[in-house]
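Structural characterization, general
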Amino acid sequence: TQPIILRNLAVPRFFGAAANTSWLYHDKNYTEVISTQFSIFTPENEMKWENIEPEPDSFDFGPADEIVQFAESVGAKMRGHNFMWGNQLPTWVNSSLTATELDKALQNHITTVMDHYRGKIYAWDVINEMISDNTPNETFKDNIWTQKFGEEAMPKALTYARAVDQQPKLYINDYGIEELGSKSDTLYSVVQGFLRDGVPVDAIGFQCHFTLGQVPGTLQQNLQRFADLGLDVAVTELDINLDGPGNATAFAQQAKDYWTVVNACMQTQRCVSVSVWGVSDDHSWIPNGEPLPWDAEKQPKPAFYAIADAF
Ligand code: XIL
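Residues numbered from 1 in each chain as written. Predicted model: local features only at pLDDT ≥ 70, side-chain atom pairs only at ≥ 80, totals over all residues.

Counting residues in hydrophobic clusters, the biggest one holds 89 residues, and the most contacted among them are Met84, Val126, Ala157, Ala161, Val261 and Ile307. Among the elements that line this core, the one with the most residues is helix H10 (residues 248-266), at seven residues. Not counting residues within four places of it along the chain, the set of residues in contact with Ala161 comprises Phe83, Ile110, Met114, Trp124, Val126 and Leu170. (Core = buried A, V, L, I, M, F, W, Y, C linked by C-beta atoms within 7 Å. Buried ≥ 20, exposed ≤ 12 C-beta atoms within 10 Å, placed from the backbone. Helix = DSSP H or I, 4+ residues; strand = E, 2+ residues; numbered from the N terminus. Contact = placed C-beta atoms within 7 Å.)

With that settled, the discussion passes to the UniProt feature "active site" (unreviewed entry) in the chain. Those places that UniProt annotates as "active site" (unreviewed entry) correspond, in this numbering, to Glu237. Within the secondary structure layout, Glu237 lies in strand E8 (residues 232-241). If we skip the residues at most four places from it in the chain, Glu237 touches Ala18, Gln207, Cys208, His209, Ser275 and Trp277. (UniProt positions renumbered as here; feature names shortened; annotations may be inferred.)

UniProt records the feature "domain: GH10" (unreviewed entry) at residues 18-310, using the numbering of this structure. Spanning residues 18-310, this segment combines 39% helix with 17% strand, and its end C-alpha atoms are found 20 Å apart.

Now for the packing of helix H5 (residues 99-116) against helix H7 (residues 153-164). H7 packs onto H5 with a crossing angle of 35° between their chain directions and a minimal axis gap of 9 Å. For the element pair H5 and H7, the recorded crossing hand is right-handed. Contact residues: Asp103, Leu106, Gln107, Ile110, Thr111, Met114 and Asp115 in H5; Lys156, Ala157, Tyr160, Ala161 and Val164 in H7. Grouping the amino acids of the contact of H5 with H7 by side-chain chemistry returns seven nonpolar, two polar and three charged. (Axes fitted to C-alpha atoms, helices over the stretch in contact; angles between N-to-C directions. Left-handed = near helix turned anticlockwise from the far one by under 90°. Nonpolar A, V, L, I, M, F, W, Y, C, P; charged D, E, K, R; others polar.)

Packing of H10 against helix H11 (residues 302-310) leaves a shortest axis separation of 8 Å and a crossing angle of 25°. On the basis of their axis angle, the class for H10 and H11 is roughly parallel. Considering the relative orientation of H10 and H11, their crossing is right-handed. Contact residues: H10 offers Phe251, Ala252, Gln254, Ala255, Lys256, Tyr258, Trp259, Val262, Asn263 and Met266, while H11 offers Pro302, Ala303, Tyr305, Ala306, Ile307, Asp309 and Ala310. Looking at side-chain class alone, the contact of H10 with H11 contains 13 nonpolar, two polar and two charged residues. (Parallel < 35°, antiparallel > 145°, perpendicular 65-115°, else oblique.)

Here the focus is the environment of Glu46. Checked against the element boundaries, Glu46 lands in the loop between strand E2 (40-43) and helix H3 (49-52). Expressed as a C-alpha distance, the spacing of Glu46 and Gly62, which sit 16 residues apart in the sequence, is 8.6 Å. Look past the residues within four positions of Glu46 in its chain and what remains in contact with it is Thr21, Asn51, Pro63, Ala64 and Ile67.

Time to look at the site of the ligand. Surrounding the ligand, one finds Glu44, Asn45, Asn128, Gln207, Glu237 and Trp285. A per-class count over the shell around the ligand returns one nonpolar, three polar and two charged. (Near = placed C-beta within 6 Å.)

Laid out in structure tokens, this is it:
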């Protein structure tokens, strides 16, 4: 029998993973899985501001280039991640710049990085996690961007990105927006406003960091309403945290949860990709959560077969 290759089953959609240079080429079994199963990659940390522009106008593209070259070598696309986020910023950005200086730094950052990767990035997470967790009282997260630019923060980043390169899809990416609810309603109105005002945005990324048994029942309906605005949608950072012991019951429920998410994407015509946030449980950002489709030995878990089934 043929081996199961998820990237083939996903066509015409992409199946992706967060890739990490700590293990790429250094962990043999990780490298084998990541070389065969995926058709799109997101650098887990390598393109974040603190890593790619640690000092003003001094760029370190090395680790991110490694992932981009790897993706090219296996015929996979790239998602760039990310430009405007409150986390993983170097101190020089996150401290004492005036609004004018920060504006210049943002434009220079977006321009330099997008120029460097021109022609190599399918989609950019221009915006990451900018919607408040305290909606509807508050619309935007409190971070350096909203402190300096207020509601102009997101439009600035999106406008700068579009001006550099018209090719990549420009994404707004967030968590907690997967279900119909206050946070996704807030994003929905923000995006409607952008479309009305001509602020460039092509797509919404739904991170989908879920806990076992808690995939929202309204996920598909919610993906569809954003798609109905004329946008692409994507599952960008899927993982299912067991949040408890890894026994057969838990892995079976985890498989169901993965199926539900992948199926929601399959039922949405504008859903272009499903990406998992990592590959194997031993290299996940969630310690002991066993949240991924491959176990620490890089063997496929029930979740892997459920993804195959849903695609
Ligand atoms: C996480 C990485 O996986 C970790 O290695 C890092 O220490 C912190 O960031 N939402 C995002 C991702 O958009 O960039 C985050 O990645 C996980 C949550």
